[in-house]
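# Fold and contact review
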Amino acid sequence: MMKKMSISASKASLVLFLCQMISALDVPLDSKLLEELSQPPTITRQSPKDYIVDPRENIVIQCEAKGKPPPSFSWTRNGTHFDIDKDAQVTMKPNSGTLVINIMNGGKAEAYEGVYQCTARNERGAAISNNIVIRPSRSPLWTKEKLEPNQVREGDSLVLHCRPPVGLPPPIIFWMDNAFQRLPQSERVSQGLNGDLYFSNVQPEDTREDYICYARFNHTQTIQQKQPISVKVFSTKPVTERQPVLLTPTGSASTKVELRGNVLLLECIAAGLPTPVIRWIKEGGELPANRTFFENFKKTLKIIDVSEADSGNYKCIARNILGSAHHVISVTVKAAPYWITAPRNLVLSPGEDGTLICRANGNPKPNISWLANGVPIAIAPEDPSRKVDGDTIIFSHVQERSSAVYQCNASNEYGYLLANAFVNVLAEPPRILTPANKLYQVIADSPALLDCAYFGSPKPEIEWFKGVKGSILRGNEYVFHDNGTLEIPVAQKDSTGTYTCVARNELGKIQNEVQLEVKDPTMIIKQPEYKVIQRYGQVSFECIIKHDSTLLPTVIWLKDNDELPDDERFLVGKDNLTIMNVTDKDDGTYTCIVNTTLDSVSASAVLTVVAAPPTPAIIYARPNPPFDLELTGQLERSVELSWIPGDENNSPITNFVIEYEDGLHEPGVWHYQTEVPGTQTTVQLKLSPYVNYSFRVIAVNEIGRSQPSEPSEQYLTKSANPDENPSNVQGIGSEPDNLVITWESLTGFQSNGPGLQYKVSWRQKDVDDEWTSVIVANVSKYIVSGTPTFVPYEIKVQALNDLGYAPEPSEVIGHSGEDLPMVAPGNVQVHVINSTLAKVHWDPVPLKTVRGHLQGYKVYYWKVQSLSRRSRRHVEKKILTFRGNKTFGMLPGLEPYSSYKLNVRVVNGKGEGPASPDKVFKTPEGVPSSPSFLKITNPTLDSLTLEWGSPTHPNGVLTSYILKFQPINNTHELGPLVEIRIPANESSLILKNLNYSTRYKFYFNAQTSVGSGSQITEEAVTIMDEVQPLYPRIRNVTTAAAETYANISWEYEGPDHANFYVEYGVAGSKEDWKKEIVNGSRSFFVLKGLTPGTAYKVRVGAEGLSGFRSSEDVFETGPAMASRQVDIATQGWFIGLMCAVALLILILLIVCFIRRNKGGKYPVKEKEDAHADPEIQPMKEDDGTFGEYSDAEDHKPLKKGSRTPSDRTVKKEDSDDSLVDYGEGVNGQFNEDGSFIGQYSGKKEKEPAEGNESSEAPSPVNAMNSFV
């Protein structure tokens, strides 16, 4: 499936063509095109529904609209036409519907109160605005009243009423004194939502005469003041404590209705002494996380963005040490109408169908009504293409006259929604907006995007061709985007050329050519190399490049990722950078950057500058260590260290390094303290408290560092408060209900004294909570339990020891533990790009439902079944992870013509959320794989038999097979190619009318509707004549087995005088084959000494033929006969009976012989003559014996139907021979290739449980079986 191109709504004047479009037509943002297309009006700007205006200023009622042709405007006031021409105070802005009512020149705002509505109209329809209610703001004065002084006993409650005047909009209330200072508020004294000032209990300091309530009217920027209220508190001893009593709301229960999406404010203010503390709970549920806030010292519960789920009973509890009081507020959340699916503009072609859908929800359920061009649809002009079905208008077979603007109104008692959506019917021939012969240049192995911006109605079909007369481009090597763009994912040099884009619809056809040039990539074939150069020497870095001859490269050199120094010593050549008279400052990394208009490459190398080698006469070495270290001027936080340098050994000492040892906390470990220039032998060292210092000094010259000096004397500093706090403070929850606070502990050196501990403090962020603190020691972690899930906390960790605290630490923000996400991603959509690639989209989940740090999304997808085989297999799910708030991803490596399922899950630090509903999608057909095999058998003089297997991966519905073949002569030259198309349901083919003794090469592949798959090749040769095959073969190996021996026979084709051998072994055994040599060139052999009831494998080979062998055959010897069967033949009565039978048979044979010499027929001959076909009769089905034959047929040539097949296999009805001479009593069997081998065995009888065959020499019973 092609990608859908979306265009921002703010990029062109006729943006409304593009917004909310639900048809197949996309209008490109081409200014020339947009000026030519017609469009119904659309309201683009209007004043708010409830419009409160300043009565001192001009009233501006906005109404702006777009359309083609430009719309005209009209207004209604209070439901009737408002004729602005008759009112001199009212004007309409040019090219606009905005009204300006002149109040500042004598007009009165009260005269223009009312409900206004704007209509924008052109020849394609009319759009209307919302009902705009105009009301001037009011800020009335306070009514005069006589205020008596309030005398209150200490500890009693008090309410100072404000009662502000009713204004429009309502004023903002606050309390101040005569000096215009806000009165302080606390848990004891606070202002209620109604503006009154509440005292839970009064104190003597509350006595004053200037409690003043102010009302600020923001719209008119005025403030009204109430007369001051006097409060006098008189004391009585003792002050009586009282349990809480609610001042507001009164009673034990109340109700409140709030609208969905608003802020819910619930208030409880209580009287009592001590001052009560307020707590809020929701009965039967939890307060919504992340949306609940407490204000006014927890007296006000604030829930933002309320929904129907927030309905319920909320209880406030006021408590002090004497008791508690509570109040239950029953909250019902109603909802003004809100959109589920707002109607979207519809752009159609003549004859197309479409729908406008208007779905809204609310509480109570809103009523949906439709208007057409501002008129109720019931009384609007009829349109046969339009049908109204509740919240849907269905359009069928629209025409250009069907263009109109429709309004959907959804209303209930709490408000209404009004939406305009136009239906614009356009008939436009195709247009290609991309400039002709536009040139595209890309680097090889990178993507190439060739544009074909187009427009037409009906939507044109786009096809791409390469070259002027090239074939249409198809296949997975191209991606065709819905906006007409052709993408070549990996452009090669042979991709260069002219590409033609053709756009056509029923109104016409147009084409455009663009040019693609694929350039060779730029390469650095000799990169700069690492160099070590002596000071004052010369160095050169090479940068030799190879680039496309048509591209002009530019070479830039950088030093340490910055420009080269502005120094004449740096010489930049064509292929190199040379630095003359190198100094220490030239040390660094040098980078060569090569840029062309299409690509950029770079390479870097490091230059190290060293000192020039010393003269042989001077020996340079590291300095000797300093000595005679002395500490002076010991203070609590500093000391002076002095030393005497050692010998510098011909290399000046550049600096001294001072190290210290803390013998109290880390004895034996030396730390860096500071370093000073080599000319300095004293230093003032800063010290830390509570450290037992020792110092040592190391001298450094250009050769290296000296050995450390001997340590100085020890100096123990006094203890002090810690100077610093722990670092790397973090708050990360390990469970949904905890917060794990960690930090890096201070070292003993940093502790500044004994008794190091940590004060861990935390409080929930954005909630008016106090800090909670604990003090811990010898740990770097503290776990806070019972926290809400994933809420921010302010955290600080302060160090302290026996002498006191460290400075106040900075606060860090952490989060309590994450929990698994609550909801699955919605609106999962899959766009199949080609047979192996799909793109999945989803809507992001609301962040408040993630309940943790959003890490990304996981897409689970798996193959359900192949659409060609309809067979299910083991489901192997694959997972792709997309980091961050990404809402789409690509699914590569899909199998063509298959059904897949997928779902999407959001991932946070805790794990995965629930899966979205499984989305089913199918990949289109692809080209098949090669056939699984191709065998060529049964060669004759002029024919070959081909057998093949279907492709392992058909990747679609096979439509046919393509066979191509051609002869090959002795010099391996190929003859003419012949092509044959074979139906897909065939698996073999006999090729006839071929040349004898000729080698052929075959090319074989399968096809689907998409195209041909990869081919398989094979070669075969027709034979020279029917007698002499071109190569030796041993075939039709047959076996007749008895108990301990088996008769092996075979057919041989090849040179004369071949010496055969027989190999055999136990079937399934890994033992070596046993070999028996066959005397002479016989085609049979008797294997003896076999084990009864055992399965054997056998094969036949020929000596001297490069180890040529037959295929294997498997047979099984018969079971051993019971001994009593063998003993019958030794009984005297049985011998006598057999002699009588033999004598009778001899007489019968003599009679038959006599009749035969006289030309007569015996019964068997008569039976044969009775059949229509005088050929060989099949075996009898009841007992397995052969039919009888006349002597005349012993020498008949084979007739049609009994001829030996071309592959020289012998079928069971083709043989008139027997192997009774070599064995008997053998069951009929089938060999490996299915041919019958029982033709050489004796009569098959039903065997008793004990068996009826003997492994001895033929007995009289067996002899009888041979003749019956």
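Structure's up top.
Summary of the structure given here.

For the chain, the count of helices and strands is seven helices and 92 strands. Counting the 1268 residues in the chain, one finds 42% classified as buried. Taking the contacts inside the chain whose residues are at least 6 apart along the sequence as the reference set, 64% of them involve residues at least 24 apart. A total accessible area of about 66900 Å² is found for the chain, and carbon and sulfur atoms account for 51% of it.

What follows covers the side chain of Gln 117. Examined against the element boundaries, Gln 117 turns out to sit in strand E9 (residues 114-122). For Gln 117, the side chain forms a polar contact with the main-chain oxygen of Ser 129, separated by 2.9 Å. Contacts of Gln 117, omitting those with residues within four sequence positions, involve Ser 74, Trp 75, Thr 76, Ile 128, Ser 129, Asn 130, Asn 131 and Leu 418.

One can find Thr 952 in the loop between strand E80 (944-951) and strand E81 (960-968). Its relative accessible area of 45% is what places Thr 952 among the partly exposed residues. Between the C-alpha atom of Thr 952 and that of Pro 928, which follows or precedes it by 24 residues, the distance is 8.4 Å.

Glancing now at the sheet that holds strand E37 (residues 415-425). Within a sheet, adjacent strands bond to each other through the backbone by hydrogen bonds, running parallel or antiparallel. Across the sheet, five strands lie side by side as E29-E37-E36-E32-E33; this open sheet has mixed pairing. Looking at strand neighbours, the two that pair on one side only are strand E29 (346-348) and strand E33 (375-376), the edges of this open sheet. Where strand E32 (residues 367-372) meets E33, two bridges bridge the pair, whose relative direction is antiparallel. Each residue of the ladder has a partner; that of Ala 372, found in E33, is Val 375.

Our focus in this paragraph is the nonpolar core. Membership of the largest hydrophobic core comes to 29 residues, with the highest contact counts inside it found for Ile 59, Ile 61, Trp 75, Ile 101 and Tyr 116. At the level of elements, strand E3 (59-61), strand E4 (63-68), strand E5 (72-77), strand E8 (99-101), E9 and strand E11 (132-136) are the ones that each hand at least two residues to this core. Among the elements that take part in this core, E9 stands out by supplying three residues, more than any other. Apart from the residues within four sequence positions on either side, Ile 61 is in contact with Ser 47, Tyr 51, Trp 75, Gly 97, Thr 98, Leu 99, Ile 101, Tyr 116, Ile 132 and Ile 134.

What follows covers the sheet that holds strand E54 (residues 576-579). Taken in spatial order, the three strands of this open sheet run E49-E54-E53, and their pairing is antiparallel. Of all the strands in the sheet, just strand E49 (539-542) and strand E53 (570-572) have a single pairing partner and so form its edges. Across the sheet, the mean angle from the axis of one strand to that of its neighbour is 15 degrees, orientation sign disregarded. Judged from the four bridges that link them, E49 and E54 form a sheet pairing that is antiparallel. Opposite Ser 540, over in E54, you have Thr 578 as the bridge partner.

Under the definition given, this model contains 42 salt bridges. The closest approach of N and O atoms between Arg 569 and Asp 586, which form a salt bridge, is 2.8 Å. Within this pair, whereas Arg 569 is found in the loop between strand E52 (562-563) and E53, its partner Asp 586 is found in the loop between E54 and strand E55 (588-595), the two being separated by 17 residues in sequence. What makes Asp 586 buried here is its relative accessible area of 2%. Each of the salt bridges in this network shares a partner with another, and the network as a whole consists of Arg 153, Asp 156 and Arg 242.

So, on to the side chain of Lys 1097. Counting through the fold element by element, Lys 1097 comes out in strand E91 (residues 1095-1103). Those residues in contact with Lys 1097 that sit more than four places away from it in its chain are Glu 1063, Tyr 1064, Gly 1065, Val 1066, Ala 1067, Ser 1069, Trp 1073, Glu 1112, Asp 1113 and Val 1114.

Glancing now at unusual backbone geometry. Omega for the bond connecting Asn 363 with Pro 364 falls within 30 degrees of zero, at 5 degrees, which places this linkage in the cis form. At the junction of Ser 457 and Pro 458, the peptide bond is cis and its omega measures out at 5 degrees in the coordinates. Along the chain, Pro 458 turns up in the loop between strand E41 (454-457) and strand E42 (461-466). Not every positive phi belongs to a glycine, and Asn 437 is a case in point at roughly 55 degrees. In this fold, Asn 437 is placed in the loop between strand E38 (428-432) and strand E39 (438-443). The backbone phi angle of Asn 561 is positive, close to 60 degrees, even though this residue is not glycine. With respect to the helices, strands and loops of the structure, Asn 561 is situated in the loop between strand E51 (554-559) and E52. By relative accessible area, Asn 561 is classed as exposed at 67%.

Calculation criteria
Residues numbered from 1 in each chain as written. Predicted model: local features only at pLDDT ≥ 70, side-chain atom pairs only at ≥ 80, totals over all residues. Heavy atoms only, no water. Helix = DSSP H or I, 4+ residues; strand = E, 2+ residues; numbered from the N terminus. Buried < 20%, exposed > 50% of the residue type's maximum accessible area, 1.4 Å probe, protein only. Contact = heavy atoms within 4.5 Å. Areas by Shrake-Rupley, 256 points an atom, 1.4 Å probe, with all protein chains shown as cover. Polar contact = N/O pair within 3.5 Å; in protein donor to acceptor, adjacent residues only side chain to side chain. Pairing = 2+ DSSP bridges. Core = buried A, V, L, I, M, F, W, Y, C linked by side-chain atoms within 4.5 Å. Axes fitted to C-alpha atoms, helices over the stretch in contact; angles between N-to-C directions. Salt bridge = Lys/Arg side-chain N within 4 Å of Asp/Glu carboxyl O.

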